[in-house]
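So you can see what is in the structure, the chains are spelled out below.
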Amino acid sequence: MPFTRMENVDSLVQRMTDGLGSNKYKAVDYDRLKAAVSEKRFGSIKTSMKVAKIEQLSQQHRENTILKQHQLVWHKEFIRLQHLRKKAQSEIESHMRTNRDSDVCYQMYNDFDYCEAGLSSDFDAFKKATVDPVWTLRDDLRYWLTENREELKLGSPDILENHHEIRSTVEHVKGQQDEIMQKLYHEQKCLEEELRSETLIELCPPVLEKHVTVQGGIPEEALDLDCPDSKLKSKVLKEFISLDERYEMLISDLESRHALALSCDQCGGWEEDDHFEFVAIHDQYPRELPNRRTLLFNRLKRHLPKKSRSVLSDHEDWWMDYKYYHERLKGIYSDWARDRRELLIKARSVFAEATLAHELEEVRNEYYERQRQLCDILSEKVDDWRKKKEEAMQIRAKLNEERQKINEETMRLEKEAEQKKRKKEKDLIEKYKAEKEEKLREFEEEAEARLKQLQDEMAEQAIFDKERIKYRESQLVEKLENKAKLKQEKEKEEEEKEARLEKLREQVRVVAEIDPNRTKQGTKAWEAHHKEEEDEEFHMLQPLFEVHGYSSKQITSDPRVKLENRLREAGLHTSDYARTLLKSTKPPTIPRKDNINTFQFKQD
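What counts as what
- Residues numbered from 1 in each chain as written.
- Predicted model: local features only at pLDDT ≥ 70, side-chain atom pairs only at ≥ 80, totals over all residues.
- Heavy atoms only, no water.
- Helix = DSSP H or I, 4+ residues; strand = E, 2+ residues; numbered from the N terminus.
- Buried < 20%, exposed > 50% of the residue type's maximum accessible area, 1.4 Å probe, protein only.
- Contact = heavy atoms within 4.5 Å.
- Salt bridge = Lys/Arg side-chain N within 4 Å of Asp/Glu carboxyl O.
- Core = buried A, V, L, I, M, F, W, Y, C linked by side-chain atoms within 4.5 Å.
- Patch = residues over 30% accessible without salt bridge, like charges linked within 9 Å, V, L, I, M, F, W, Y side chains within 5 Å.
- Areas by Shrake-Rupley, 256 points an atom, 1.4 Å probe, with all protein chains shown as cover.
- Lys, Arg positive; Asp, Glu negative; His and termini not counted.
- Charge placed at Lys NZ, Arg CZ, Asp CG, Glu CD.
- Expected span 1.5 Å × (residues − 1).
- Bend = angle between axes of the 7 residues up to and from the residue.

Undergrad: Is there a simple way to explain the overall build of the chain in this structure?
TA: Helices and strands together make up the secondary structure of the chain, namely 16 helices and 0 strands. Out of the 604 residues belonging to the chain, those deemed buried represent 12%. Relative to all contacts within the chain whose residues are 6 or more apart in sequence, the contacts with residues 24 or more apart total 64%.

Below you can see the structure in the form of structure tokens.
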């Protein structure tokens, strides 16, 4: 209960007795309040509609952005598929050109051409019987609507009856088209089931399941190889069994690590069409694509609306595990087949080396026996040759003594001729040295004369350089003096300009008298409040102070105020758009430059 002072009791009693006639109470105008509430409610609804419209536009903009990104991804995928199609078509055409004339493929290609011609004629007949009448009916309907549009709007009975008949005809055509589409869909399903038969799957297995077929155990080719050493052959053949066991362990380990991939069938528990659509979309978004996961799941939700995000995520995890499992399994089978081939080649080479070594051993034994017999024969021949050789050595020693005497006489004559030749060459060398010294002396004299000439020229050049230096110094001094003189003139002009400006400042400077008692005096408002005027009516009509601002009419005529009121009514006055718009709006009159405030608040 509110607290009431005792001195206010009388006034409260007086108000209760006066009732609505009291000057403290006013009658409530409910109609005006209802109108104000309705106006506020209408403004709120209008603002909420604008906000909903802005949210709708934002959502549409976001949707358009995502669709553009999807369009770019699909465009790249379309280019890639078109390239693959052209590549496959060119390979087929090249294969046909290469093998068309061969005996094996000639009849097959003729059957292909005959089948293609039959399909083309069937397609043309189907198009002529189904599609062309629909296009003809479409053109006729467009022409009829163009001719009878006005009468149809006016509601002519004949035109309405014709319109009703045309609609029934169109509905009948739609039913026929639906029946044709159902029939074609049934034929498509039958063909797909035929393509999924076990015979065709065995001939053309899925891409992920294609791997090299490996037959374990010891190959027959290795068993048929000949080897003289039975232990070596058994040891090498056991390597095939150990190799198979090692790769079987790798495959079992891979299956244990990828239990998720093997927990479902090849479609991951989905329908085949949904799985194919998921894989086709998943491959279009590479790992390096920015914002890949958001775009991928957005695209999947569009094509597979019945699948939740968690289901799509689980299927993606299964698909990546399934894909990696089959790729790794394919690599293991490829390595297994390669190692078996290499081991078979190695076994062949080892058995061949063993057979060759055995044959070489037999040949070596035969060679040693023949070599011993040959050594006995050669030993006898060597003894005969030694006797003949000793006799020949005695004869050669006598011939060497005679040749030694002849060589000594020849060497003595050659030595005498050599001494004469050296003496002659020594005389020529002394003559050459004398001529060379004479030429050197002449060259030194010429060099000294040239050196003296160069020294004289350098002395003259030094004198000329000193004169140039003095001239340049005088030029520099003159230039510095001119520069100092110009600087003094400029400083003098600045001082004169500052003096003129000071005179102008003195003319416009405000000079206030010092009045210490001004702080103790009353303000103008206080004086006006306590001032007694004789003419009370004149006092009420005159303004209390002089007005130097703007009137309400001038303020409301400012376009910035009008724009702010419109933005406030729309509920947008606090947005960045409103700030930018108000900032770019110009006032009705451009302010003077001396009234522009350049003060900026410091930002913490």
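Undergrad: In this structure, what is going on with the pattern of salt bridges? I would like to understand it.
TA: Close approach of charged atoms allows side chains of opposite charge to pair. For the coordinates displayed, the defined rule picks out 20 salt bridges. Put simply, Arg 441 and Glu 438 hold a salt bridge, and the shortest N to O gap is 2.2 Å. Here Arg 441 and its partner Glu 438 are both found in helix H11 (residues 309-508), 3 residues apart, which amounts to about one turn of the helix. Its relative accessible area of 40% is what places Arg 441 among the partly exposed residues. When salt bridges that share partners are traced, they join Asp 335, Arg 338, Asp 339 and Glu 342 into one network.

Undergrad: What should I look at first to understand the nonpolar core in this one?
TA: Note that soluble globular proteins tend to have their nonpolar side chains buried in a common cluster. Of all hydrophobic cores here, the largest spans 33 residues; its most connected members are Phe 278 and Trp 336. Counting only elements with at least two residues in this core, the list comes to helix H2 (30-99), helix H7 (230-257), helix H9 (272-282), helix H10 (292-303) and H11. Of the residues forming this core, the biggest block, 12 residues, is contributed by H11. Residues contacting Trp 336, with those up to four places away along its chain left out, are Val 214, Leu 243, Asp 244, Tyr 247, Glu 248 and Ile 251. Among the nonpolar cores identified, the runner-up in size contains 6 residues, and Cys 227, Ala 347, Phe 351 and Ala 354 belong to it.

Undergrad: Just checking my understanding: could you explain a nonpolar patch on the surface for this structure?
TA: Judged by side-chain polarity, Trp 74, Phe 78, Ile 79, Leu 81 and Leu 84 come together as a nonpolar surface patch covering roughly 450 Å² of accessible area. Along the chain, Leu 84 turns up in helix H2.

Undergrad: Just to check I follow, could you spell out a negative patch on the surface for this structure?
TA: A contiguous patch of negative charge on the surface is contributed by Glu 489, Glu 491, Glu 493, Glu 494, Glu 495 and Glu 496. You can see Glu 495 is positioned in helix H11.

Undergrad: Explain helix H3 (residues 106-154) here, please?
TA: Along an α-helix, residues three or four positions apart point the same way, because every turn accommodates 3.6 residues. For H3, with 49 residues, the first-to-last C-alpha span of 70 Å sits near the 72 Å given by 1.5 Å per residue. A maximum bend of about 65° is found in H3 at Asn 148. Of all the positions in H3, only Tyr 109, Thr 130, Trp 144 and Asn 148 are classed as buried. Close packing links the buried residues of H3 with H2 and helix H4 (157-195). Once H3 finishes, Gly 155 follows within two positions and takes phi at roughly 85°, a positive value.

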